[in-house]
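What the coordinates show
The primary structure of each chain is shown beneath.
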Amino acid sequence: MDDIVRQAMTKWPNVPDCFGWLGLDSRGQWHMRDDRVQHLGAFQSGQAGAKGSVLRHEKLIDFIHRNYDADVQGRWFFQNGPQRVYIELEVAPYIWRLSESFEPTAHTGQAAQVIACLVDEAGRVYLKTTAGFGLVHTLDVALVAEAIEKNLWIPEDCLSRELPERFGFVISPQQG
């Protein structure tokens, strides 16, 4: 967490939390969700326009990544100065990209090591890692297949609806 964020939290300890305004999609992109967008439906709904607009500002994205964390209830948030901005997750708290040597890096830039590989009923691939749980980016599924063929990973079947409870994360803090 940035030092300036810690200072702001100390200076203004009672700022209310923010819900519904920021989402993380299955490709590791951040989405801003204003009131109009939130009224279109839940981030995960698939409703046209309900995700909001993709953030493109690199410095803002880097700031979010440095201050991205989870609370004890498994609700992921971005600590924006003294305010917690809770994140609507499309699928999982991390989106993993893989190197040619099968090493995962989160959408936040955090490197990790694979503990387990899971495949859900829709064929989506997830990794439990030393940094946490997340979805493998669709562009890297071929690398997962290669890791499995080389017996580096043994895929475990799972049901997507069971993953939040099993791995301790909340998809929609706004609805929960």
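Above this text sits the structure in question.
Attention in this report is confined to the structure presented alongside it. Because the structure is predicted, anything quoted here is derived from the model rather than measured.

Parameters at a glance
- Residues numbered from 1 in each chain as written.
- Predicted model: local features only at pLDDT ≥ 70, side-chain atom pairs only at ≥ 80, totals over all residues.
- Heavy atoms only, no water.
- Pairing = 2+ DSSP bridges.
- Helix = DSSP H or I, 4+ residues; strand = E, 2+ residues; numbered from the N terminus.
- Buried < 20%, exposed > 50% of the residue type's maximum accessible area, 1.4 Å probe, protein only.
- Polar contact = N/O pair within 3.5 Å; in protein donor to acceptor, adjacent residues only side chain to side chain.
- Contact = heavy atoms within 4.5 Å.
- Arc of directions from axis to C-beta.
- Salt bridge = Lys/Arg side-chain N within 4 Å of Asp/Glu carboxyl O.

**Description of the sheet that holds strand β5 (residues 76–80)**
- Judged by pairing direction, the sheet is mixed, and its six strands sit side by side in the order β3-β2-β1-β6-β5-β4 without closing on themselves. Here the strands that pair on one side only, and so sit at the sheet edges, are β3 (53–54) and β4 (68–70).
- Pairing of β4 with β5 involves three bridges; the strand directions are antiparallel. Within β5, the residue paired with A70 across the bridge is W76.

**Focus: the side chain of D71**
- The topology assignment puts D71 in the loop between β4 and β5.
- The class for D71 is buried, based on a relative accessible area of 12%.
- A polar contact is formed between the side chain of D71 and the side chain of Y86, at a distance of 3.0 Å.
- Once residues lying within four places of it in the same chain are set aside, the contact partners of D71 are F77, R84 and Y86.

**Remarks on the environment of V114**
- Inspection of the secondary structure puts V114 in strand β9 (residues 114–119).
- Spatially, the C-alpha atom of V114 lies 6.7 Å from that of T130, the residues being 16 residues apart in sequence.

**Some words on the pairing of strand β6 (residues 83–89)**
- In terms of residue burial, β6 counts as a mostly covered element, since five of its seven residues are buried.
- Of the pairings in the sheet, the one linking strand β1 (residues 18–24) to β6 comprises four bridges and is parallel in character. Looking across to β6, one finds that L24 is bridged to L89.
- Between β5 and β6, which pair antiparallel and follow one another directly, the connecting turn spans two residues, one of which, G81, has a positive phi of 65 degrees.

**Digging into helix α4 (residues 141–149)**
- Residues of α4 that are buried include every one of L143, V144 and A147, and no others. Taken down its axis, α4 places every buried residue within 105 degrees of arc, on the same side. Summarising the geometry of α4, the exposed residues directed more than 90 degrees from the buried face are A142 and E149.
- For α4, the elements touching its buried residues are β7 (94–98), β9, β10 (125–129) and β11 (133–136).
- Two residues or fewer past α4, N151 is found with a positive phi of approximately 60 degrees.

**Quick look at the pattern of salt bridges**
- Within this structure, the stated rule accounts for six salt bridges.
- A salt bridge links R166 to E156; its shortest N-O distance comes to 2.4 Å. On the criterion of sequence distance, the pair formed by R166 in helix α5 (residues 163–167) and E156 in strand β12 (residues 155–157) is long-range, its members being 10 residues apart.
- The class of R166 is partly exposed, set by a relative accessible area of 45%.
- Judged by relative accessible area, which is 30%, E156 ranks as partly exposed.

**As for the pairing of β7**
- In terms of burial, β7 is largely enclosed, as four of its five residues are buried.
- Where β7 lies against β11, three bridges are found, and the strand directions are parallel. Its bridge partner lying in β11, Y94 is registered against G134.
- Pairing geometry for β7 and strand β8 (residues 104–106), over three bridges, is antiparallel. Each residue of the ladder has a partner; that of L98, found in β8, is P104.

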